[in-house]
Amino acid sequence: MSFPMSLRLSTALLLSLFGALPLRADPQDVRHGSVMGVFQELSFEGGMIVTAQHADDRQIKDEFSGSLDLLFNLPLGPGVWTLYIEGSTTPGNWGISSFLPESNADVGTALTRNGKGRLQLSELHYALPLWGGKLFLGLIDPTGFLDTSAIANDETAQFLGVGLVNNPSIEFPDYTLGAAWHLEAGQGIGGSLVLSRSHGLADDGGKYDRLFDLSHSGDGAFIAAEGYGFLGGNTVRLGAWVNTASHERLDGQQGPNSNWGVYGVADGSAGPIRWNLRLGWTNAKVSKAADFQALALEYPCDFATFGLGVARTGASGDLESVEATLQFEAYVRFDPFPKFHISPDIQWIRNSGFDLDGSAWIAGLRMGYNF
């Protein structure tokens, strides 16, 4: 198998960054604490988010949405139990998230099979030490172990757009049964391994009984490996994944139909500005998203934090007359009171989901409270 020149050049760039910077410690995952440290006692944390969005297209209705996160950690025996409960309001009919799903990574994250908002058990897993790292078993979120970033990974307080939270070219299952092993880098190279079902709660219409149906036709496994190093105030990650579920080839021909991909993530800083770079390539024979590139910048100052990002998702060559999806976002986050933040943002999206001609501007406002 030969990779395109752009992949070889981009990988070489990431590797050169990797070798040029001094090591630092592994940070905790910023989204829901999935890559956990050692807990000495029962802990609890939570957060509430309310978001309002308006698009410049009159055919698209304004949308108001809310979410709730509750995270419990209970040390027991040699490890720690983690329980994550998530709540979401019902997405509005003819709302922004229906027409421009890339615009809000926080809307509709906990839905019933009928698309109604609900309170759901999203994660329940046990973590225990193994081979110098930690092994996580149970209902897990693979995005907590892979493709993480310190500045572009939390839709509740950082970028809201999907392309600036995770790499959309990676076919992650959404909350699924599996196992993950995470090794903190310390003074060397760290890594994560994930083995899970190919489908999760959101992929199966929010039905818990499907999580345990291992014989369902067309299902498979999601397998991923990531290695990383921490160099001064910088991080570089390289990973590969495969989703063995049955996929239809976009050209209609018969042949191997698993989806797979490789990706890279780099976090760094240039003076007071922090940056994140994401790259990814997939099996364009079965994946509409053939490649992905994103650059995000964060500038914290005394009174606010500013963010600026752009993401591009390239379309498979087997799709007819389809151009890449482009997404731009700028936000500013204020923290007027302890544990409370307010964040206005502006987005521009072109060719949403490879299906919508033209472009749209979206203005948004988030308010969040952590406890």
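Everything numeric in this text was worked out from a predicted model, so none of it was measured.

Q: Mind showing me how you'd approach the overall build of the chain here?
A: For the chain, the helix and strand inventory stands at two helices and 16 strands. Taking all 371 residues of the chain together, 48% fall into the buried category. Working note: accessible area of the chain is about 16900 Å², and carbon and sulfur atoms make up 61% of it.

Q: What am I meant to see in the packing of aromatic side chains here?
A: Two aromatic rings are characterised by how far apart their centres lie and by the angle between their planes. Using the criterion set out here, one finds 14 aromatic pairs in the structure. When the centroid spacing of 6.2 Å and the interplanar angle of 45° are considered together, the rings of phenylalanine 337 and phenylalanine 340 count as tilted. Since its relative accessible area comes to 56%, phenylalanine 337 is described here as exposed. Judged by its relative accessible area of 23%, phenylalanine 340 is partly exposed. In textbook terms, an aromatic cluster arises when at least three aromatic residues are bridged by ring pairs, as seen for Phe44, Phe72, Tyr369 and Phe371. Sitting above the plane of the tyrosine 228 ring, arginine 237 keeps its charged end 4.5 Å from the centroid.

Q: Would you explain the pairing of strand E9 (residues 234-243) in this entry?
A: On a regular strand, one side chain projects to one face of the sheet and the next to the other, so that they alternate. Within E9, seven of the 10 residues are buried, which leaves the element mostly enclosed by the surrounding structure. As paired strands, strand E8 (residues 221-231) and E9 are joined by 10 bridges and run antiparallel to one another. Residue pairing across strands places glycine 227 opposite leucine 238, the latter belonging to E9. With nine bridges joining them, E9 and strand E10 (residues 259-270) adopt antiparallel strand pairing. From the neighbouring strand, leucine 238 faces E10, where its bridge partner is glycine 264.

Q: I would appreciate a short explanation of a nonpolar patch on the surface in the present structure.
A: The grouping of Ile273, Leu295, Leu297, Tyr299, Phe303, Phe306, Leu308, Val310 and Phe334 at the surface amounts to a nonpolar patch, some 750 Å² of accessible area in total. For the nonpolar patch, the secondary structure elements donating two or more residues are strand E12 (289-300) and strand E13 (305-315). The residue leucine 295 is located in strand E12 in this model. For leucine 295, a relative accessible area of 39% corresponds to the partly exposed category.

Q: Is there a simple way to think about the environment of serine 269 in this case?
A: Looking at the element boundaries, serine 269 is found in strand E10. With relative accessibility at 38%, the residue serine 269 sits in the partly exposed group. For serine 269 and glutamate 298, which are 29 residues apart along the polypeptide, the C-alpha to C-alpha distance reads 9.2 Å. In this structure, serine 269 is in contact with Asn234, Arg274 and Trp275, ignoring residues within four places of it in sequence.

Procedures and definitions
- Residues numbered from 1 in each chain as written.
- Predicted model: local features only at pLDDT ≥ 70, side-chain atom pairs only at ≥ 80, totals over all residues.
- Heavy atoms only, no water.
- Helix = DSSP H or I, 4+ residues; strand = E, 2+ residues; numbered from the N terminus.
- Buried < 20%, exposed > 50% of the residue type's maximum accessible area, 1.4 Å probe, protein only.
- Areas by Shrake-Rupley, 256 points an atom, 1.4 Å probe, with all protein chains shown as cover.
- Phe/Tyr/Trp six-rings, centres within 6.5 Å; stacked < 30°, edge-to-face > 60°.
- Lys NZ or Arg CZ within 6 Å of the ring centre and 35° of its normal.
- Pairing = 2+ DSSP bridges.
- Patch = residues over 30% accessible without salt bridge, like charges linked within 9 Å, V, L, I, M, F, W, Y side chains within 5 Å.
- Salt bridge = Lys/Arg side-chain N within 4 Å of Asp/Glu carboxyl O.
- Contact = heavy atoms within 4.5 Å.

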